[in-house]
Amino acid sequence: MSSSLSETGVAAPPEWTLASKDSVVHRNSWGPFLRRPESTDALAMHKLVADTEVLDLNSTYTYLLMATDFADTTIVADRDGDLCGLITGYHPPTRPDVLFVWQVAVARSAQGTGLAGTMLDSLVGRVHRARCGHPVTVEATVAPSNSASRALFGGFARRHGVPLVERPHFTAAQLDAAGAHDDEPILRIGPIVTSRDS
Ligand SMILES: CC(C)(COP(=O)(O)OP(=O)(O)OC[C@H]1O[C@@H](n2cnc3c(N)ncnc32)[C@H](O)[C@@H]1OP(=O)(O)O)[C@@H](O)C(=O)NCCC(=O)NCCS
């Protein structure tokens, strides 16, 4: 990964940029590897989501849209050309103060190292700056059984010292006629007035 692509503008330590994709990245040291997606990332984004074997897999065309039209509200982790994390998101058209987080995926090799939390902090910080410091509220739908995702958003709320409110939202019946999908209640976290990344 080129350090000029870094989300934070911080150059990666030399041992990381020289290392292979098997390099160890220490917990919460992901900042230099985060950046906006580009159109050339769409195939790798699609594969990363497929490899989770948990998330609903969308078409490559969808990830191409996220990497282009929605690049300002999407973030990827690129470790020496290995796309090992992503968060796709968007602003609901009538609610520009909301960052709706659509999918969060971290490669198995990188899970438990703080990558998802670091990406979320960085993305919210970017959106907060783009909104000239106006408050940002994060929303996401999370199945009751997805404990890792709930821990991610719970930790985010605690770090930022803001409430997390849960309400019913998309139902299993809306998501799958055969009942093979869980309910997806919505989590609303914020408003975040001062981001940790500003
Ligand atoms: C959910 C996921 C994105 C977390 O990524 P990660 O980089 O391992 O998460 P982090 O290391 O940043 O941890 C974030 C928080 O979740 C907790 N956590 C991580 N994995 C967990 C697990 N399997 N079970 C319970 N808690 C977990 C961490 O302890 C941390 O909590 P803290 O902030 O209180 O310290 C990752 O496991 C994944 O891609 N899973 C498959 C896809 C998925 O379920 N996506 C979420 C749908 S939105």
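Owing to the predicted nature of the structure, the values given are computational and were not obtained by experimental measurement. (Residues numbered from 1 in each chain as written. Predicted model: local features only at pLDDT ≥ 70, side-chain atom pairs only at ≥ 80, totals over all residues. Heavy atoms only, no water.)

Asker: Which residues make up the overall build of the protein chain, and what values go with them?
Answerer: Summing up its helical and strand segments, the protein chain has 6 helices and 7 strands in all. Taken across its 198 residues, the protein chain has 47% of its residues classed as buried. The contacts of the protein chain with a sequence gap of at least 6 include a subset with a gap of at least 24, amounting to 65%. (Helix = DSSP H or I, 4+ residues; strand = E, 2+ residues; numbered from the N terminus. Buried < 20%, exposed > 50% of the residue type's maximum accessible area, 1.4 Å probe, protein only. Contact = heavy atoms within 4.5 Å.)

Asker: Report on the confidence of the model for the protein chain, specifying residues and quantitative values.
Answerer: Overall, the prediction assigns the protein chain a mean pLDDT of 88, with 85% of residues at 70 or greater. Confidence drops under a pLDDT of 50 for residues 1-5, and excluding neighbours within four residues, the segment shows 11 contacts in the predicted structure. Predicted confidence for residues 9-23 stays below pLDDT 50, and this span has 21 contacts to residues more than four positions away or in other chains. (pLDDT = per-residue confidence, 0-100.)

Asker: Pulling in residues and values, what's your account of helix α2 (residues 42-52)?
Answerer: Since the α-helix packs 3.6 residues into each turn, any two residues three or four apart lie on the same face. Residues of α2 that are buried include every one of Ala42, Met45, Leu48, Val49 and Thr52, and no others. In a view along the axis of α2, the buried residues occupy a sector of 120 degrees, so they form one face of it. The secondary structure elements touched by the buried residues of α2 are α3 (60-68), β2 (75-79), β3 (82-90) and β4 (98-106). Phi turns positive, to about 55 degrees, at Glu53, one or two residues after α2. (Arc of directions from axis to C-beta.)

Asker: Quick one: what's the story with the site of the ligand, residue by residue and with numbers?
Answerer: Near the ligand lie 21 residues; those nearest to it are Val104, Val106, Gly112, Gly114 and Arg158. Taking Ala116, its main chain carries an N or O atom lying 2.9 Å from an oxygen atom of the ligand. In the model, an oxygen atom of the ligand is placed 2.8 Å from a nitrogen or oxygen of the Arg158 side chain. The fraction of the free accessible surface of the ligand (920 Å²) that becomes covered by protein chains is 74%. Where the shell around the ligand is concerned, the elements lending two or more residues are β4, α4 (115-130) and α5 (147-160). (Near = heavy atom within 4 Å. Polar contact = N/O pair within 3.5 Å; in protein donor to acceptor, adjacent residues only side chain to side chain. Areas by Shrake-Rupley, 256 points an atom, 1.4 Å probe, with all protein chains shown as cover.)

Asker: How would you explain the packing of aromatic side chains if you had to name every residue and give the values?
Answerer: What the rule picks out here adds up to 4 aromatic pairs. Taken together, a centroid distance of 5.9 Å and an interplanar angle of 70 degrees make the contact between Trp30 and Phe33 edge-to-face. Between Tyr90 and Phe100, the ring centres sit 5.2 Å apart and the planes meet at 35 degrees, which makes this aromatic pair tilted. Placement of Tyr90 in strand β3 and of Phe100 in strand β4 is noted, with a sequence separation of 10 residues between them. A relative accessible area of 27% means that Tyr90 is categorised as partly exposed. (Phe/Tyr/Trp six-rings, centres within 6.5 Å; stacked < 30°, edge-to-face > 60°.)

Asker: Residue-level account of the packing of α2 against α3, with values.
Answerer: In the contact formed by α2 and α3, the axes pass within 8 Å of each other and the chain directions differ by 120 degrees. Taken together, the axes of α2 and α3 are oblique relative to one another. Note that α2 runs across α3; the crossing there is right-handed. Here Ala42, Leu43, Met45, His46 and Val49 of α2 lie close against α3, whose contacting residues are Thr60, Tyr63, Leu64, Met66 and Ala67. Along the lines of polarity and charge, the residues of the contact of α2 with α3 split into 8 nonpolar, 2 polar and no charged. (Axes fitted to C-alpha atoms, helices over the stretch in contact; angles between N-to-C directions. Parallel < 35°, antiparallel > 145°, perpendicular 65-115°, else oblique. Left-handed = near helix turned anticlockwise from the far one by under 90°. Nonpolar A, V, L, I, M, F, W, Y, C, P; charged D, E, K, R; others polar.)

Asker: With reference to specific residues and values, describe the packing of α4 against α5.
Answerer: Between α4 and α5, whose axes approach to 10 Å, the crossing angle comes to 55 degrees. On the basis of the axis angle, α4 is oblique to α5. Handedness of the crossing formed by α4 with α5: right-handed. Contact with α4, carried on its side by Ala116, Gly117, Leu120, Asp121 and Val124, involves Leu152, Phe153, Phe156, Arg159 and His160 of α5 and no other residues of that element. Here the contact of α4 with α5 is composed, by residue class, of 6 nonpolar, 2 polar and 2 charged.

Asker: Now, about α5: what can you tell me, with residues and values included?
Answerer: Given a rise of 1.5 Å per residue, 14 residues ought to cover 20 Å, and the 20 Å separating the end C-alpha atoms of α5 matches this to within 8%. Taken together, the buried positions of α5 are Ser149, Leu152, Phe153, Gly154, Gly155, Phe156, Ala157 and His160. Close packing links the buried residues of α5 with β4, α4, β5 (136-141), β6 (164-170) and β7 (184-192). Positive backbone phi, at 65 degrees, marks Gly161, one or two positions downstream of α5. (Expected span 1.5 Å × (residues − 1).)

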